[in-house]
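Chain by chain, the residues run as shown.
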Amino acid sequence: MKNIPIIALMVLMLSSVFSAVAQSEYQNGYIVTNQNDTIYGQLQDRSPEPFGKIYNKVKMKGYWIFNKKYGPKDIVFYQIGDLSYESIWYDSYTELFTVFHRSVPGQGKKVFMRLSVNGQVKLYWDEYRDPDSGYELEIPFLRKANSTEMVRVTQGIFGFKKKHLANLFSDCSELVEKMNDGYFEIPEEMADFYNQECY
């Protein structure tokens, strides 16, 4: 009889662990196909930690018998939990020791990037698994509507790439001034400011 509360607590703890593991494997969401059809189901785009892996194709299960997989060429968008991902063309090239990034249809390869801010300027995060450390890392890019240029926002520990960002936001002197004064702490703040105050 004395062991009943302990057993109940252990059962409760184990059920919480199993629930968390299940949630990390599949989450409610939807995809948008190239034909602009929206399909709802449960999605998984990476394996659970530790030793997790980001999949090239998002897995989906629903009312059909077999699970389906969708790559960047198969769909234009997917939502998993609270996170949004867009399929875009991505390419990079080097000129005079500087790496430039762009999104031009048919050039480079199609990839999924997390869409953090949507508007006249979009903020994408390129998520990847570092092969040496095994940690999941991400690189932020800004892209204006109707532009092929993608500007890398930060450079590791050196913070914002102010010169490139000043060129990108040359049409909004207030934003550039605030950036140089240290007003923005994260890329989302910069993108939101442009969408709300500059356009």
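Structure: see above.
### So, the pairing of strand E9 (residues 121–129)
Move 1: Sheet analysis places strand E8 (residues 109–117) next to E9, joined by three bridges and oriented antiparallel. Each bridged residue has a counterpart across the sheet, and for Leu 115 the counterpart in E9 is Tyr 124.
Move 2: Taken together, E8 and the strand that follows it, E9, pair antiparallel across an intervening segment of three residues.
Move 3: Of the strand pairs in this sheet, E9 and strand E10 (residues 136–144) are connected by nine bridges, and their pairing is antiparallel.

### Points about the pairing of strand E11 (residues 149–152)
Sheet faces and side chains relate simply in a regular strand, where the side chains alternate between the two faces.
Move 1: Note that strand E7 (residues 98–102) and E11 share two bridges and pair antiparallel. Looking at E11, one finds that Arg 102 is bridged to Glu 149.
Move 2: Hairpin connection of E10 to E11: four residues between the antiparallel strands, including Asn 146 at a positive phi of 65°.

### Let's talk about helix H4 (residues 187–198)
Move 1: The end-to-end C-alpha distance of H4, which contains 12 residues, comes to 16 Å, matching closely the 16 Å that a straight helix rising 1.5 Å per residue would cover.
Move 2: Those residues of H4 that fall on the buried side of the exposure criterion are Pro 187, Glu 188, Met 190, Ala 191, Phe 193, Tyr 194 and Asn 195.
Move 3: Where the residues of H4 are buried, they touch E8, E9, E10, helix H2 (162–168) and helix H3 (173–180).

### A few points about the pattern of salt bridges
Move 1: Summed over the entire model, instances satisfying the criterion amount to nine salt bridges.
Move 2: A salt bridge links Glu 86 to Lys 122, with the nearest nitrogen and oxygen atoms 3.3 Å apart. Of this pair, Glu 86 sits in strand E6 (residues 83–95) while Lys 122 sits in strand E9; the two residues are 36 residues apart in sequence, bridging distant segments of the chain.
Move 3: Notably, a salt bridge pairs Arg 114 with Glu 138, separated by 2.8 Å at the nearest N-O pair. A residue pair is termed long-range when its members are at least 10 positions apart, and Arg 114 in strand E8 and Glu 138 in strand E10 qualify at 24 residues.

### Some thoughts on a nonpolar patch on the surface
Move 1: There is a patch of nonpolar side chains on the surface, built from Tyr 128, Tyr 135 and Leu 137 and spanning about 300 Å² of accessible area.
Move 2: Locating Tyr 128 in the fold gives a position in strand E9.
Move 3: Given a relative accessible area of 31%, Tyr 128 falls into the partly exposed group.

The rules behind the values
Residues numbered from 1 in each chain as written. Predicted model: local features only at pLDDT ≥ 70, side-chain atom pairs only at ≥ 80, totals over all residues. Heavy atoms only, no water. Pairing = 2+ DSSP bridges. Helix = DSSP H or I, 4+ residues; strand = E, 2+ residues; numbered from the N terminus. Expected span 1.5 Å × (residues − 1). Buried < 20%, exposed > 50% of the residue type's maximum accessible area, 1.4 Å probe, protein only. Contact = heavy atoms within 4.5 Å. Salt bridge = Lys/Arg side-chain N within 4 Å of Asp/Glu carboxyl O. Patch = residues over 30% accessible without salt bridge, like charges linked within 9 Å, V, L, I, M, F, W, Y side chains within 5 Å. Areas by Shrake-Rupley, 256 points an atom, 1.4 Å probe, with all protein chains shown as cover.

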